[in-house]
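So you can see what is in the structure, the chains are spelled out below.
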Amino acid sequence: MAKSTPFFTSLKDLFAFLELPEPSTQVANSRFSFLVSRHFASKIEKNNPNDPLLREILPTAQENLQVEGFCDDPVGDSDSEKEPGILQKYKGRVLIEPTFACSLHCRFCFRRAEPKRSLENFLARFDAWLSQATDIHEVILSGGDPMMLPKAQLAELFQVILSKDHVKTVRIHTRTPISFPQVFDIENKASIYPLLQKLSQKKKLVVVVHVDHPNELDDASAKVFAALQELNAILLNQSTLLKGINDSGEVLTELSFKLFSQGVLPYYLHQLDHATGVAHFEISDAQALQIVEEVRQAVPGYLVPRLVREIAGEASKTPIVNPGR
Ligand SMILES: *Cc1c(COP(=O)(O)O)cnc(C)c1O
Ligand code: SF4
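A brief report on the enclosed structure follows. (Residues numbered from 1 in each chain as written. Chains lettered and ligands numbered in written order. Predicted model: local features only at pLDDT ≥ 70, side-chain atom pairs only at ≥ 80, totals over all residues. Heavy atoms only, no water.)

**Concerning the overall build of the protein**
Next up, step 1: A count of helical and extended segments in the protein gives 11 helices and 12 strands.
Next up, step 2: For the protein, the C-alpha atoms occupy an extent of roughly 60 × 55 × 40 Å along the three principal directions.
Next up, step 3: Residues classed as buried in the protein amount to 52% of the 325 residues present.
Next up, step 4: For the protein, long-range pairs separated by at least 24 residues make up 79% of all intrachain contacts whose partners lie at least 6 apart in sequence.
Next up, step 5: Summing over all exposed atoms, the protein offers an accessible surface of approximately 15300 Å²; the carbon and sulfur share of this is 52%.
Next up, step 6: Between the centroid of the 35 positive side chains of the protein and the centroid of its 40 negative side chains there is a distance of 5 Å. (Helix = DSSP H or I, 4+ residues; strand = E, 2+ residues; numbered from the N terminus. Buried < 20%, exposed > 50% of the residue type's maximum accessible area, 1.4 Å probe, protein only. Contact = heavy atoms within 4.5 Å. Areas by Shrake-Rupley, 256 points an atom, 1.4 Å probe, with all protein chains shown as cover. Lys, Arg positive; Asp, Glu negative; His and termini not counted. Charge placed at Lys NZ, Arg CZ, Asp CG, Glu CD.)

**What to know about the site of ligand 1**
Next up, step 1: Around ligand 1, the surrounding shell consists of Lys-89, Tyr-90, Arg-93, Leu-95, Ile-140, Arg-171, Tyr-267, Tyr-268, Glu-310 and Lys-317.
Next up, step 2: In the model, an oxygen atom of ligand 1 is placed 2.5 Å from a nitrogen or oxygen of the Arg-93 side chain.
Next up, step 3: The side chain of Tyr-267 places a nitrogen or oxygen atom 2.7 Å from an oxygen atom of ligand 1.
Next up, step 4: Considered on its own, ligand 1 offers 380 Å² of accessible surface; in the complex 91% of this is hidden by protein.
Next up, step 5: Cavity membership is defined here by more than half of the atoms lying within 2 Å of grid points; on that basis ligand 1 lies in the largest pocket.
Next up, step 6: Elements supplying a minimum of two residues to the shell around ligand 1: strand 4 (86-90), strand 5 (93-96) and strand 10 (265-270).
Next up, step 7: Class assignment of the residues belonging to the shell around ligand 1 gives a composition of 5 nonpolar, no polar and 5 charged. (Near = heavy atom within 4 Å. Polar contact = N/O pair within 3.5 Å; in protein donor to acceptor, adjacent residues only side chain to side chain. 1 Å grid on protein atoms, 1.4 Å probe; cavity = no way out; pocket = protein on both sides within 12 Å on 5 of 7 lines; lining within 4 Å. Sits in = over half its atoms within 2 Å of the grid points. Nonpolar A, V, L, I, M, F, W, Y, C, P; charged D, E, K, R; others polar.)

**Digging into the packing of aromatic side chains**
Next up, step 1: Using the criterion set out here, one finds 6 aromatic pairs in the structure.
Next up, step 2: Each ring, one from Phe-7 and one from Phe-180, has its centre 5.1 Å from the other, and the planes form 15°; the classification is stacked. Placement of the pair is Phe-7 in strand 1 (residues 7-8) and Phe-180 in the loop between helix 7 (176-179) and helix 8 (193-200), with a sequence separation of 173 residues. Neither residue differs from the other here; Phe-7 and Phe-180 are each classed as buried.
Next up, step 3: Relative to Phe-126, the ring of Phe-122 lies with its centre 5.8 Å away and its plane at 5°, an arrangement referred to as stacked. Linking Phe-122 with Phe-126, this pair stays in helix 5 (residues 122-132), spanning 4 residues, or about one helical turn.
Next up, step 4: Judged by relative accessible area, Phe-122 falls into the buried class, the value being 8%. (Phe/Tyr/Trp six-rings, centres within 6.5 Å; stacked < 30°, edge-to-face > 60°.)

**Quick look at the sheet that holds strand 4**
Strand pairing in a sheet relies on backbone hydrogen bonds. The paired strands run either parallel or antiparallel.
Next up, step 1: Reading across the sheet, the 10 strands line up as 3-4-5-6-7-8-9-10-11-12 and stay open at both edges, with mixed pairing between neighbours. With partners counted over all chains shown, the strands left at the sheet margins are strand 3 (81-83) and strand 12 (318-319), one partner each.
Next up, step 2: Here 3 bridges tie strand 10 to strand 11 (residues 306-309), and the two strands are oriented parallel to one another. Pairing of Tyr-268 across the sheet is with Arg-306, part of strand 11. (Pairing = 2+ DSSP bridges.)

**Section: the pattern of salt bridges**
Next up, step 1: Scanning the model with the defined rule gives 15 salt bridges in all.
Next up, step 2: A salt bridge links Glu-216 to Arg-175; the nearest nitrogen and oxygen atoms lie 2.6 Å apart. Here Arg-175 lies in the loop between strand 7 (169-174) and helix 7 and Glu-216 lies in the loop between strand 8 (204-210) and helix 9 (219-229), a separation of 41 residues in the sequence. Take Glu-216 and Arg-175: they sit in the same class, and that class is buried.
Next up, step 3: Note that Asp-285 and Arg-309 form a salt bridge whose closest N and O atoms lie 2.9 Å from each other. Placement of the pair is Asp-285 in helix 11 (residues 285-296) and Arg-309 in strand 11, with a sequence separation of 24 residues.
Next up, step 4: Look at Asp-285 and you get partly exposed, because its relative accessible area is 28%. (Salt bridge = Lys/Arg side-chain N within 4 Å of Asp/Glu carboxyl O.)

**Describing unusual backbone geometry**
Next up, step 1: With an omega dihedral of 15°, the bond running from Gly-143 to Gly-144 counts as a cis peptide bond.
Next up, step 2: Relative to the assigned elements, Gly-144 resides in the loop between strand 6 (138-141) and helix 6 (151-162).
Next up, step 3: The phi dihedral of Glu-19 is positive, around 60°, even though this residue is not glycine.
Next up, step 4: Tracing the backbone shows Glu-19 in the loop between helix 1 (11-17) and strand 2 (36-37).

**A look at the packing of helix 10 (residues 249-261) against helix 11**
Next up, step 1: One way to put it is that helix 10 packs onto helix 11 with a least axis distance of 8 Å and a crossing angle of 50°. The pairing of helix 10 with helix 11 is recorded here as oblique in orientation. For the pair helix 10 and helix 11, the crossing hand works out as right-handed. Residue-level contacts link Gly-249, Leu-252 and Thr-253 of helix 10 to Ile-291, Glu-294 and Val-295 of helix 11.
Next up, step 2: Residues belonging to the contact of helix 10 with helix 11 are distributed by class as follows: 3 nonpolar, 2 polar and 1 charged. (Axes fitted to C-alpha atoms, helices over the stretch in contact; angles between N-to-C directions. Parallel < 35°, antiparallel > 145°, perpendicular 65-115°, else oblique. Left-handed = near helix turned anticlockwise from the far one by under 90°.)

Structure, rendered in structure tokens:
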């Protein structure tokens, strides 16, 4: 019975699947539950407790440490929230959070403290807000993972966007190409691909996938990206620098080349947002700059991601630059 669900929600089941000894202490983190799709879990190396993909999703006791400077709203989202689920920080672009559902719970997520709020009347409110916000040319779907919305709700959301001529671009931030590719599969009745197809006839599509390690990319992700390219979508990637996962020039060089082989260009490389419970993933700016320098020396210029940090109140993401330059 449990086999039929496409997710692991119990660490015990995941450890059995990975052929790892049962976790001795169940790390309870009531604030952010454990969840990973079977698809993502299938890319974790068996019997390797140090696998980088395992580290992305495995709850640890370090998450419960209180570290100074790490808080629940590290990037000032509540100050930029026009209404629940509607955020405008930057000119011409609005970011919406139509869902908080995800196909995996990344332990470093800066939205991990999001209250399990349900957004009342989101679509009607967004429709009204967007009608009067005629300077908005780009709608950014974030979350949670917007591609985890039930198909009927996504259809309604796209309808709202399609009804606004001033919106030229729809940008989708998602991990589903690497974690839950079945949502794009046309064989699957619940596939959202036909909705994207329709949207792309009127709006420019930009898909920003979130891949942190080259092992996340596989044949299934290549297939999703190829299908999105048929819609003339621009495919970009953002990563977060994570200690013990991708904090090396070698790993990020491999990531850039592998993304490129699947038709995706690196966009942002984020320094970690200071959310409660993620301090153990942080590396210093000096290390980050060193890593990016190594990547720059190994790949063509168009495969070098932009190293940035989000600072509350700034008019854009803030580039991290070498003070000596
Ligand atoms: C990051 C972000 C954007 C997008 O910024 P770009 O630099 O255009 O990628 C837009 N809105 C919010 C609230 C963001 O956090
Ligand atoms: S919002 Fe993104 S980073 Fe956070 S848990 Fe969901 S998929 Fe992971």
